[in-house]
Amino acid sequence: MEISLNRKSMSCLKKAYEPAVYCESMAECVVPDVQDDIRQVLTTTFITKIRSKDIDIDEINIKAELNAVVMYYSENGIDKLEIPLPVNAKIPAKDIDSSCIISADIKIVSWDVRVINPRKVSLKAEVNVKASCYRESELVWYESPDELSEKVFVKSDSAVVSIVDTVAEKTITADDEFDLDGASDLKLLSAFAAYRTESSETVGDKLIMRGRADIDAVYLSDGRLVNGVFSIPFSQLFDVSGDDSGECEAAVLSTGEYYDIVDGKLSAELHAVIQMVYRKKIEISFASDAYSCCCDTTLQYEPLEFCAESDAVSLKEGIQLTFDSTKSITELLLYRAYIAKNEALESGVTTTVVAELIYRDAENEVNCGKIRGNIEFPLENSTYYKSLCSEIAGIRAVTSGNSIDIRGEVRLTAKRDDIRTLNCVPEIVEGEAFSGDSPAAYIVFSDEDIWNIAKKYRSDCDKISVIDSEDSMEKPYKKLFVPVIK
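We now turn to the structure provided with this report.

What counts, and at which threshold
In this convention, every chain numbers its residues from 1, walking through the sequence in written order. Local features in this predicted model are restricted to residues of pLDDT 70 or higher, and side-chain atom pairs are both shown and tallied only at a pLDDT of 80 or more, whereas totals for entire chains, interfaces and linings draw on every residue. The side-chain quantities take in all heavy atoms of the structure and omit both hydrogens and water. Only protein atoms enter the 1 Å grid used here, on which a cavity is any set of points holding a 1.4 Å probe that cannot leave and a pocket is any open set flanked by protein within 12 Å on both sides along at least five of seven lines; residues with an atom within 4 Å of a point are listed as lining. Grid points are joined across faces, edges and corners, and a volume is the space filled by probe spheres set on the points. By the criteria applied, helices consist of DSSP H or I runs no shorter than four residues and strands consist of E runs no shorter than two, each listed in order from the N terminus. Amino acid classes used here: Ala, Val, Leu, Ile, Met, Phe, Trp, Tyr, Cys and Pro are nonpolar; Asp, Glu, Lys and Arg are charged; the rest, including Gly, are polar. A carboxyl oxygen of Asp or Glu within 4 Å of a side-chain nitrogen of Lys or Arg is what we treat as a salt bridge. Throughout, exposure labels follow a simple rule: accessible area from a 1.4 Å probe, protein chains only, divided by the maximum for the residue type, with under 20% read as buried, over 50% as exposed, and the rest as partly exposed. We call a set of buried Ala, Val, Leu, Ile, Met, Phe, Trp, Tyr and Cys residues a nonpolar core when their side-chain atoms join them within 4.5 Å. In this analysis, two residues are considered to be in contact whenever any of their non-hydrogen atoms come within 4.5 Å of each other. If DSSP finds at least two bridges between two strands, the strands pair. Lines fitted to the C-alpha atoms define the axes, with helices restricted to the stretch that makes contact. Angles between their N-to-C directions range from 0 to 180 degrees. Nonpolar side chains (Val, Leu, Ile, Met, Phe, Trp, Tyr) are joined into patches within 5 Å and like charges within 9 Å, using only residues with over 30% relative accessible area and no salt bridge. Residue exposure ignores everything except the shown protein chains as possible cover, and the areas themselves are Shrake-Rupley values with a 1.4 Å probe. When charges are tallied, Lys and Arg are placed among the positive residues and Asp and Glu among the negative ones, while His and the ends of the chain are skipped. To locate a charge, the coordinates of NZ of Lys, CZ of Arg, CG of Asp or CD of Glu are taken. Whenever two N or O atoms come within 3.5 Å, that pair is a polar contact, provided that in protein one can donate a hydrogen and the other can accept it, and provided that, for residues adjacent in sequence, both atoms are side-chain atoms. Stacked, tilted and edge-to-face are the three classes assigned to paired rings of Phe, Tyr and Trp, where Trp is represented by its six-membered ring and a pair needs centres within 6.5 Å; plane angles under 30 degrees give stacked, over 60 edge-to-face, the rest tilted. Placement of a positive charge over a ring is assigned whenever Lys NZ or Arg CZ falls within 6 Å of the ring centre and within 35 degrees of the normal to the ring plane.

## Thoughts on the layout of surface pockets
Item 1. Approximately 280 Å³ is the volume found for the second largest pocket.
Item 2. If you go around the second largest pocket, you meet 17 residues; those closest to its centre are Ile-47, Asn-67, Val-69, Glu-82 and Glu-257.
Item 3. At the level of elements, β4 (40-56), β5 (59-74), β6 (77-92), β10 (186-203) and β13 (247-262) are the ones that each hand at least two residues to the lining of the second largest pocket.
Item 4. Across the lining of the second largest pocket, the residue classes tally to 10 nonpolar, 3 polar and 4 charged.

Now the structure itself:
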């Protein structure tokens, strides 16, 4: 006889694939006739714009564009070159189709600017492109039927399951104007936005995501180099089928940024796409074991694989980088620091920080410098963490003689999914009946789980009782009365 248990299910999304590739993009640029020759390249900034995400046969195509601004020093001061670099990443991906939902992540790993001659430069950038692929799935488990023979018992266990409820993306647009220092001669050299999400709030079936775009702008004010930081808030609304227990992850990719200086103000128009992954937790009760008191039973098991939770660890460390110049430094014109890469090792995570400087020396010459250093974050089993995200905050510079100290704090967030697999019972097969005489009850000395004792002796957990005695009270086990159900 076969006894089928009640099948329960819930629709969800499952991360099917998360491939990544490194690709290079190269370009050359000639200095326009109206600009002076290049004496020295000072710094390079990028705006990364995503253009498209397409699924082909066993392949994901992600197209993007790097808008690079190369700032250089000439005979008459500081000027810039704007260089577009196309990125076309072809990522091998098996067993995916157009029904999959893709979230993309694009990071510039390194770049190299070379002056071929005073009128021409070449630029090469290495880019890491990662795609997270989600597909429609179903979480399936089995529960005991409402009615069972009084001689058949099913054990129920519970588990808290974290499922991906929604993966979605929406565009955001933000614009604003910012007053500069009131100088009459203003020239924009470079500007780019760093997006960050700050909070999320679930109201009914709506998720409100809030964040901020921090704009780093470098401009000339009456010939003086100025670095200004400005901020634009943004928000977006998503449809979800969750509740207050849900958790949200989001990433923002630029699709277009436009800046200009008009009438003493910096105008910024930002276009981006915000990619959101919403998880919620549910508690399920599933059949994990069963037996019959009157016959042999064979259990069919089905694996129940689920994400128990998303584990996140946050660490922070201070950093100090020192740049030494061959000449006396009279003025620090510009400095910035960024995270170059994170590397997960068995002993922890190594984060590489790079700082760039532009300064004026005692001979009134403009110079640049670059320094890098590593921070070690102790993190057990760091290679198990699938997502490593770092940011640098509180950056400040201290100049002394021929040296510049860059100080700040690096914050690392490491995330991973705790994936577990449990055996679930979908069906009970009753075999031949037990034959032969057996005692009506047993006296058992044991500290074993009551369920296992009942299954072993063909009893009922609710009918097993503890026999108190001086002997049993002094022992680590209990004396039990176990009736046999026939």
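## Topic: the pattern of salt bridges
Two side chains carrying opposite charge are able to pair once their charged atoms lie near each other.
Item 1. The tally for this structure, following the rule as stated, stands at 31 salt bridges.
Item 2. Taking the shortest distance from any N to any O, the salt bridge between Lys-280 and Asp-165 comes out at 3.7 Å. You can see Lys-280 sitting in strand β14 (residues 265-292) and its partner Asp-165 sitting in strand β9 (residues 152-179), a full 115 residues away along the chain. We note that Lys-280, like Asp-165, is buried.
Item 3. Note that Asp-418 and Arg-420 form a salt bridge whose closest N and O atoms lie 2.9 Å from each other.
Item 4. Among the ionic contacts, a cluster of salt bridges with common partners joins Arg-196, Glu-198, Arg-212 and Asp-214.

## With respect to the nonpolar core
Item 1. Ranked by size, the top nonpolar core spans 37 residues in total, and within it Ile-60, Ile-62, Leu-81, Ile-83, Leu-85, Ile-91 and Val-129 carry the most contacts.
Item 2. Where this core is concerned, the elements lending two or more residues are β3 (20-30), β4, β5, β6, β7 (101-117) and β8 (120-143).
Item 3. Ignoring sequence-local partners within four residues, the contact set of Ile-83 consists of Ala-27, Cys-29, Leu-66, Asn-67, Ala-68, Val-70, Val-121 and Leu-123.
Item 4. In this structure, Ile-47, Ile-172, Ile-232 and Phe-234 belong to the second largest nonpolar core, which totals 33 residues.

## Considerations on the sheet that holds strand β16 (residues 329-345)
Item 1. Taken in spatial order, the 3 strands of this open sheet run β16-β17-β18, and their pairing is antiparallel. The outermost strands of the open sheet, each flanked by one partner alone, are β16 and β18 (366-378). Neighbour-to-neighbour, the strand axes of the sheet open up by a mean angle of 15 degrees, direction not taken into account.

## Quick word on empty space enclosed by the protein
Item 1. On inspection of all chains with the given rule, the structure shows 1 cavity of 30 Å³ or more.
Item 2. Quantified by volume, the largest cavity comes out at close to 40 Å³.
Item 3. Surrounding the largest cavity, Ile-172, Thr-173, Ala-174, Tyr-195, Phe-234, Leu-270, His-271 and Ala-272 form its lining.
Item 4. Within the residue set of the lining of the largest cavity, elements represented by two or more residues are β9 and β14.
Item 5. For the lining of the largest cavity, the residue count by class is 6 nonpolar, 2 polar and no charged.

## Quick word on the environment of Pro-145
Item 1. Looking at the secondary structure, you find Pro-145 in the loop between β8 and β9.
Item 2. In this structure, Pro-145 is in contact with Ser-4, Leu-5 and Asn-6, ignoring residues within four places of it in sequence.

## Thoughts on a negative patch on the surface
Item 1. Together, Asp-175, Asp-176, Glu-177, Asp-263 and Glu-269 make up a negatively charged patch on the protein surface.
Item 2. It is β9 that provides the largest number of residues to the negative patch, a total of 3 residues.
Item 3. Within the element layout of this structure, Asp-263 appears in the loop between β13 and β14.

## Describing the sheet that holds strand β23 (residues 478-483)
Item 1. What the 3 strands build is an open sheet, ordered β21-β23-β22; its pairing is antiparallel. Two strands close off the open sheet at either side, each with one partner strand: β21 (441-446) and β22 (465-466).
Item 2. Note: β22 against β23, 2 bridges, orientation antiparallel. Within β23, the residue paired with Ser-465 across the bridge is Phe-481.

## Quick notes on unusual backbone geometry
Item 1. Its identity as a non-glycine residue notwithstanding, Asp-222 has a phi of 50 degrees, on the positive side.
Item 2. Among the secondary structure elements, Asp-222 is positioned in the loop between β11 (206-221) and β12 (224-239).
Item 3. Here the phi dihedral of Arg-458 falls at roughly 55 degrees; this positive angle occurs in a residue that is not glycine.
Item 4. The residue Arg-458 is located in the loop between α1 (450-456) and β22 in this model.
Item 5. What makes Arg-458 buried here is its relative accessible area of 19%.

## Focus on the side chain of Thr-351
Item 1. Tracing the backbone shows Thr-351 in strand β17 (residues 348-361).
Item 2. Of the residues examined, Thr-351 reaches a relative accessible area of 0% and is grouped as buried.
Item 3. In this structure the side chain of Thr-351 is engaged in a polar contact, spanning 2.7 Å, whose partner is the side chain of Asn-342.

## Quick look at the environment of Leu-42
Item 1. Mapped onto the fold, Leu-42 is located in strand β4.
Item 2. Judged by its relative accessible area of 6%, Leu-42 is buried.
Item 3. Linking Leu-42 and Leu-357, residues 315 residues apart in sequence, is a C-alpha distance of 8.2 Å.
Item 4. Leu-42 has contacts with Met-71, Tyr-72, Tyr-73, Ile-78, Ile-358, Val-366, Asn-367 and Cys-368, leaving out every residue within four places of it along the chain.

## Comments concerning the side chain of Asp-460
Item 1. Structurally, Asp-460 is set in the loop between α1 and β22.
Item 2. The buried charged residue Asp-460 lacks any salt bridge partner; its closest oppositely charged side chain belongs to Lys-463, at an N-O distance of 4.7 Å.
Item 3. Apart from the residues within four sequence positions on either side, Asp-460 is in contact with Phe-153, Tyr-291, Ala-454 and Ile-485.

## Brief notes about the packing of aromatic side chains
Item 1. Scanning the entire structure with this criterion turns up 8 aromatic pairs.
Item 2. Measuring from centroid to centroid gives 5.0 Å for Tyr-291 and Trp-451, while their planes differ by 65 degrees, and the two rings are edge-to-face. Note that Tyr-291 is positioned in strand β14 and Trp-451 in helix α1, a separation of 160 residues in sequence.
Item 3. Grouping aromatic residues by their ring pairs yields a cluster made of Phe-46, Trp-111 and Tyr-338.
Item 4. Stacked on the ring of Tyr-258, the Lys or Arg Lys-49 has its end atom at 5.6 Å from the ring centre.

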